[in-house]
Amino acid sequence: MSTPFADLQALDEQASRSPAFRHWRDGYGVVRHLVETQEQVLALADALVNAGLQPDRDSVFEQLAALDRLNSAGLWLVAHMTYANRVRMDGSALTAQDFKARPEGHTGGALNMVPAYAGYLALNNLTGRTRSWLMGQGHCVAAIEALNALLGNQHPEQAQRYGNDEAGLSRLLQDFYSYRQRGDGSTEAPLGSHVNAHTAGGILEGGYLGFAELQYAHMPLPGEGLVAFLSDGAAEEQRGSDWMPRWWRSEDCGAALPVMIANGRRIEQRTELGTRAGLDGFVRHLRHSGFDPIRFDGRDPAAFVCALFEMETRLAGYASEQAQGRRDYPVPIPYGIAETPKGYGFQGAGQNRAHNLPLPDNPRLDNRSRELFNSAASDLWVAPEELAEACRQLTRHHQQQRPLERDHALATRAPETPQIPALASVSDACSPMAAIDHFFPALVQANPQLRPRVGNPDELASNQLSGVLAALKHRVTEPENDRESVHGAIITALNEEAVVSACLANKAGLNLVASYEAFCVKMLGAVRQELIFARHQAEAGRPAQWLGFPVVATSHTWENGKNEQSHQDTTFCEALLGEMSDTLRLLFPADYNSTLALLPEIYRARGRLSCLVVPKRQRPCLFDAEEAAQLARQGAILVAEDHSAGEPVLLVANGAYQLTEMIRASERLRDTGTPFRLVYVQEPARFRQPRDAREAAVCLSEFELERLCPARLRQRVLMTHMRPEVFRGHLWRLCPDAGRSRVLGYINQGGTLDVDGMLFANRCSWAHALMACAELLGRPASTWLEPGELAAVRGDGDPAVLAP
């Protein structure tokens, strides 16, 4: 931003001509405006007036003066949220009994976020445009909740509870970290320690640092704006946050404005950016990575307004230059760095204790701490009449005909339901991944209005997604072949967290993530954070409306023996089996048709992710189109049955290779006249005992369970893709009598082996299933196994005799 007023004398002259400028320039509370900020504000005022966004410069100065007062009140309220049970709107000192017995809060970071969020709100007001916001450091939520309460930017459940009068704000304090519960165990207050579904405009919890940094560039659509508040600690946490210029394109991305709160401290020590050398080095790193860093005073809310406006202006200019052919991608991404001491505005600023509880002791019990609190609070207090006028000036949504920040574009994302392409089933053996490879490009082609993203750590073609690659292409800045494009939709980086975040962020469109099963574990934190937030939104009565999509775990444990045991890991699907089934579907399609039948409903779903564990190798076609559709609807299907005389055994398979082995075992049973019933479980979580009413809606009833797995079939052999203990524990309804059931699965054995070798090493071959049948039925295994086969199972023979 240009600064025509180059010295203090010029600023003094401006102040003498404009009482409104002088009023703002005098500062308020703990805010003092640096000369650089004053110059920037004058330039900002000119820009807003010239653009027709404000009637005159004094109007800008008046709103910025109101911003100072809102900022001061926000700091005052955040400090009270940590320590006090009540506010005194008249500014009088609190007594010992006014303080909490157990103070709690992430006070320092929240104090730093007050001028940041207040500046964002003021920019929206000055320009008449509601941008979206995102906060990576979700533990700083007190700043958001405090300012939202003061301005009335709230969801109904908070508006009813937290008015901006003394009673409402005191209730806010009392609810913050109250730990009170309802009878069903849920929290009583619509308030949390982090951003949650009750936080007006909140879209990401921010409890797991680093994911906001990976997501923000992929969030806004063209014409939209997003301010992403980031932490300096997260810059150390997560690789990939410096790749955003690689992905941003004005043709399919809106203006994304990252702002780091550089307060220099994590919980108990300085960050690397807390030193001058560290911060200077970070600025050089940003420039090298394609960013355009802008450093400013993070203590001053007006500095945030100026920096955000400048960042938006620069980004629009860079995009215009690119469109005119005067600049190539990647264009520089403006990156704000708000320099401030941690906890500025209150006692203990800049010290380690500022992170949590900045006072030396609890002011309820300690006189000195109480004096410090009251002294600091008095510096921040704003008279109610003055505060009300400031809030009025900064909430002109109705006059400007724009939504509240509660209802910004990303918070109300609801893309239209996609048109689903009709693809034919197959009858010949092929890779089940081919179903996804055929379906997703057709889905994208049928829905050009929905922005596509593919998250790809590596090897799309190897994972049998060559059609996806040909149609959508890797996004790069310098294409070297026809599988790459500057405008490609495939986000490729050898970083699972970065690529899954690109799709989790693209809530306006169609998404697909595919990776080796073993390496999907690195996605778990990002996926789980999304699942939790979506479920909380549903519980709050505002279910997420983004379109579902699959995270495909392929090249999986049973077919990846050639890459040693590091590539053989079922942890990802096991962990997801523990998540709530109404927000995540865990699916094990066994062939092309069963994979294809799942995809339409996956992409029609709202606010629900799916994990598909899919073989990439060629598999026989086991289900026709009708059977595949039935399997998709009910989660399991009867595969085969024999009604011969005698005690029957129930065989249950889960996983493509496991089904093949159980089919082979059932054939031996049939050949010997042994009655059996073989059921394939494609969606295991539907067989669990539901943990609440929401989950019960997607789990099988007792009647449905009995129809598939009759209780009279007491002897049961189950074979799963996962570890047997995990399967048995979650799905005990399938094997209610431990003494009459055997569960086979991955038992952490592996190495450089083929599929048959993996099955044998983990005692999951068809012959091992028959050995389990023998144990349960009290019959010799030789009933079904030849001598050489029996010797192999017992460890005395050649495993190769068991191969098909």
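Just above, that's the structure.
Every value quoted in this text rests on a predicted model; they were computed, and no experiment measured them. (Residues numbered from 1 in each chain as written. Predicted model: local features only at pLDDT ≥ 70, side-chain atom pairs only at ≥ 80, totals over all residues. Heavy atoms only, no water.)

Draft legend 1. Highlighting the packing of helix α5 (residues 107-127) against helix α13 (residues 301-323). Their axes nearest at 8 Å, the elements α5 and α13 cross at an angle of 55°. Taken together, α5 and α13 sit at an angle that is classed as oblique. As for the relative orientation of α5 and α13, their crossing is right-handed in sense. Note on element contacts: α13 touches α5 through Pro301, Phe304, Val305, Leu308 and Phe309, opposite Pro115, Ala116, Gly119, Tyr120, Ala122, Leu123, Leu126 and Thr127. Here the residues of the contact of α5 with α13 sort into 11 nonpolar, 2 polar and no charged. (Axes fitted to C-alpha atoms, helices over the stretch in contact; angles between N-to-C directions. Helix = DSSP H or I, 4+ residues; strand = E, 2+ residues; numbered from the N terminus. Parallel < 35°, antiparallel > 145°, perpendicular 65-115°, else oblique. Left-handed = near helix turned anticlockwise from the far one by under 90°. Contact = heavy atoms within 4.5 Å. Nonpolar A, V, L, I, M, F, W, Y, C, P; charged D, E, K, R; others polar.)

Draft legend 2. Representation of unusual backbone geometry within the structure. Between Tyr329 and Pro330 the backbone carries a cis peptide bond, its omega angle lying at 5°. Phi at Lys473 takes a positive value of approximately 65°, unusual for a residue other than glycine. Considering the arrangement of structural elements, one finds Lys473 in the loop between α18 (466-472) and β7 (474-475). Its identity as a non-glycine residue notwithstanding, Asn748 has a phi of 65°, on the positive side. Tracing the chain through its elements places Asn748 in the loop between β18 (741-744) and α28 (755-761).

Draft legend 3. View of the pairing of strand β6 (residues 451-456). The element β6 is extensively covered by neighbouring structure, given that 6 of its 6 residues are classed as buried. Residues Arg451, Arg453 and Gly455 line one face of β6 and the alternating positions Pro452, Val454 and Asn456 line the opposite face, and both faces are buried. Two elements, β6 and strand β10 (residues 509-516), share 5 bridges in a ladder whose sense is parallel. Residue pairing in the sheet places Pro452 in a bridge with Leu510 of β10. Bridge count for β6 against strand β9 (residues 490-492) is 3 bridges, and the pairing is parallel. Looking across to β9, one finds that Asn456 is bridged to Thr492. (Buried < 20%, exposed > 50% of the residue type's maximum accessible area, 1.4 Å probe, protein only. Pairing = 2+ DSSP bridges.)

Draft legend 4. Looking closely at the sheet that holds strand β1 (residues 132-135). With parallel pairing, the 5 strands of this open sheet are ordered in space as β1-β2-β3-β5-β4. Each of the sheet's edge strands pairs with one partner strand only, and the pair in question is β1 and β4 (291-297). Sheet twist, expressed as the mean angle between neighbouring strand axes with direction ignored, is 20°. Pairing of β1 with strand β2 (residues 225-231), which is carried by 4 bridges, proceeds in the parallel orientation. Paired with Trp133 across the strands is Val227, a residue of β2. α5 rests against β1, β2 and β3 (255-262) of the sheet, and its axis sits at about 175° to β2. Packing against the sheet, α13 makes contact with β2, β3, β4 and β5 (333-339), and its axis sits at approximately 140° to β3.

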